Amino acid sequence: HAVLGGVKRLREICPEVVAVALVGSWARNAERPDSDVDLIVLSEAPERLLDNDDWHAVFGAGTVLIRSESFGVISERRLQLPNGLVVEVGVARPEWAALDPLDQGTARVVGDGMVPLADPDNLLSGLAQALVGGRVDENGGS
């Protein structure tokens, strides 16, 4: 799959990327033919991804940026692959996965389905376990 290969290549060319997760409908196995692929990318240097477009080609030559938007702690780069598939890449610092305080947007994203694809330091899996296990309430307390 172009997206999984792209995640691997992204981590190879951007060593500051510390974790990547699939989120949304694809993570819940509820995708439709017109569903986009949603990724969360946690990086020690998010500006490297947000201020440059040279990494977009990890998903295939001809991948184009179709939208940039910021949502507080996360910034999105919406990419369209040559085959028409749209990949929404949400870029944030590793603190996006912090439990104390827990960002409500983070809690919604994780609650809607998350599958860590690259998580060597267990940032994302720890967050998911805490939320699913009920160790963290919706107000960020533990």
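You'll find the structure just up there.
Quick caveat: nothing in here was measured; it's all calculated off a predicted structure. (Residues numbered from 1 in each chain as written. Predicted model: local features only at pLDDT ≥ 70, side-chain atom pairs only at ≥ 80, totals over all residues. Heavy atoms only, no water.)

### Things to note about the sheet that holds strand β2 (residues 37–43)
The condition is simple: Whether two strands pair depends on DSSP finding at least two bridges between them. Counting from the N terminus, the helices are DSSP H or I runs at least four residues long and the strands are E runs at least two residues long. In this description, a line fitted to the C-alpha atoms serves as the axis of each element, helices being fitted only across the stretch in contact, and the angle between N-to-C directions of two axes falls anywhere from 0 to 180 degrees. Any two residues whose heavy atoms approach within 4.5 Å are treated as being in contact.
Spatial ordering of the open sheet is given by β3-β4-β5-β2-β1-β6, a layout of six strands whose pairing is mixed. Two strands bound the open sheet, and with one partner strand each, they are β3 (64–71) and β6 (114–118). For this sheet, the mean angle separating the axes of adjacent strands, direction not counted, is 25 degrees. In this structure, strand β1 (residues 17–23) lies alongside β2, joined through six bridges in antiparallel fashion. Along β2, the bridge assignment pairs Ala 19 with Leu 42. Here helix α4 (residues 123–132) sits on the sheet and contacts β1, β2 and β6; the angle it forms with β6, its principal contact strand, is near 160 degrees.

### Here's the deal with unusual backbone geometry
Note the following rule: Think of it in three bands: residues with accessible area under 20% of the maximum for their type are buried, residues over 50% are exposed, and the middle band is partly exposed, with areas taken using a 1.4 Å probe on protein chains only.
Of note, the bond from Asp 100 into Pro 101 is cis; its omega dihedral lies within 30 degrees of zero at 5 degrees. Assignment of secondary structure puts Pro 101 in the loop between β5 (86–92) and α3 (104–111). The residue Asn 29 is not glycine, and still its phi comes out positive at about 60 degrees. Within the secondary structure, Asn 29 is located in the loop between β1 and β2. When its relative accessible area of 67% is taken as the criterion, Asn 29 is described as exposed.

### Some words on the layout of surface pockets
To keep it simple, the criterion reads: Grid spacing is 1 Å over the protein atoms alone, the probe is 1.4 Å, and a cavity is where that probe fits but cannot get out, while a pocket is an open set with protein on both sides within 12 Å along at least five of seven lines and lining residues have an atom within 4 Å of a point. Grid points are joined across faces, edges and corners, and a volume is the space filled by probe spheres set on the points. Asp, Glu, Lys and Arg are counted as charged, while Ala, Val, Leu, Ile, Met, Phe, Trp, Tyr, Cys and Pro are counted as nonpolar; the rest, among them Gly, fall into the polar class.
Looking at the largest pocket, its volume works out to about 340 Å³. Contributions of two or more residues to the lining of the largest pocket are made by β2, β4 (74–80), β5 and α3. Counting residues per element, the lining of the largest pocket draws most heavily on α3, at four residues. In terms of residue class, the lining of the largest pocket is made up of nine nonpolar, four polar and six charged.

### Re the pairing of β2
Among the seven residues of β2, seven are classified as buried, and the element is accordingly described as predominantly covered. Here β2 shows two buried faces, one formed by Val 37, Leu 39, Val 41 and Ser 43 and the other by Asp 38, Ile 40 and Leu 42. Bridge analysis of β2 against β5 gives six bridges, and the strand direction is parallel. Bridging across to β5, Val 37 finds its partner in Val 87.

### Side note on the nonpolar core
As a rule of thumb, nonpolar side chains are buried together in soluble globular proteins. Put simply, the rule is: Within this scheme, the nonpolar core is defined by two criteria: the residues are buried Ala, Val, Leu, Ile, Met, Phe, Trp, Tyr or Cys, and they are joined through side-chain atoms within 4.5 Å.
Judged by nonpolar contacts, the single largest core of 22 residues is most densely connected at Leu 10, Leu 39, Leu 49, Phe 59, Val 87 and Val 89. For this core, the elements supplying multiple residues, two or more each, are α1 (2–13), β1, β2 and β5. Those residues in contact with Phe 59, other than ones at most four positions away along the chain, are Ala 2, Val 3, Gly 6, Val 7, Arg 9, Leu 39, Leu 79, Leu 81 and Val 89.

### Focus: a nonpolar patch on the surface
The condition is simple: Patch criteria: residues need more than 30% relative accessible area and no salt bridge. Like-charged residues are merged within 9 Å; nonpolar side chains of Val, Leu, Ile, Met, Phe, Trp and Tyr are merged within 5 Å. The protein chains shown are the only cover counted for residues, whose accessible areas, like all others here, come from Shrake-Rupley with a 1.4 Å probe. Each reported salt bridge corresponds to a side-chain nitrogen of Lys or Arg within 4 Å of a carboxyl oxygen of Asp or Glu.
The grouping of Leu 4, Val 115 and Leu 117 at the surface amounts to a nonpolar patch, some 220 Å² of accessible area in total. Relative to the helices and strands, Leu 117 is located in strand β6. The class for Leu 117 is partly exposed, based on a relative accessible area of 32%.

### Overview of the packing of α3 against α4
Definition in use: These descriptions rest on fixed angle ranges, namely under 35 degrees for roughly parallel, over 145 for roughly antiparallel, 65 to 115 for roughly perpendicular, and the rest for oblique.
Look at α3 against α4: their axes get within 10 Å of each other, and the N-to-C directions meet at 85 degrees. The angle between α3 and α4 falls in the class roughly perpendicular. In contact with Thr 106, Ala 107 and Val 110 of α3, α4 contributes Leu 127, Ala 128 and Leu 131. Residue composition of the contact of α3 with α4, grouped by class: five nonpolar, one polar and no charged.

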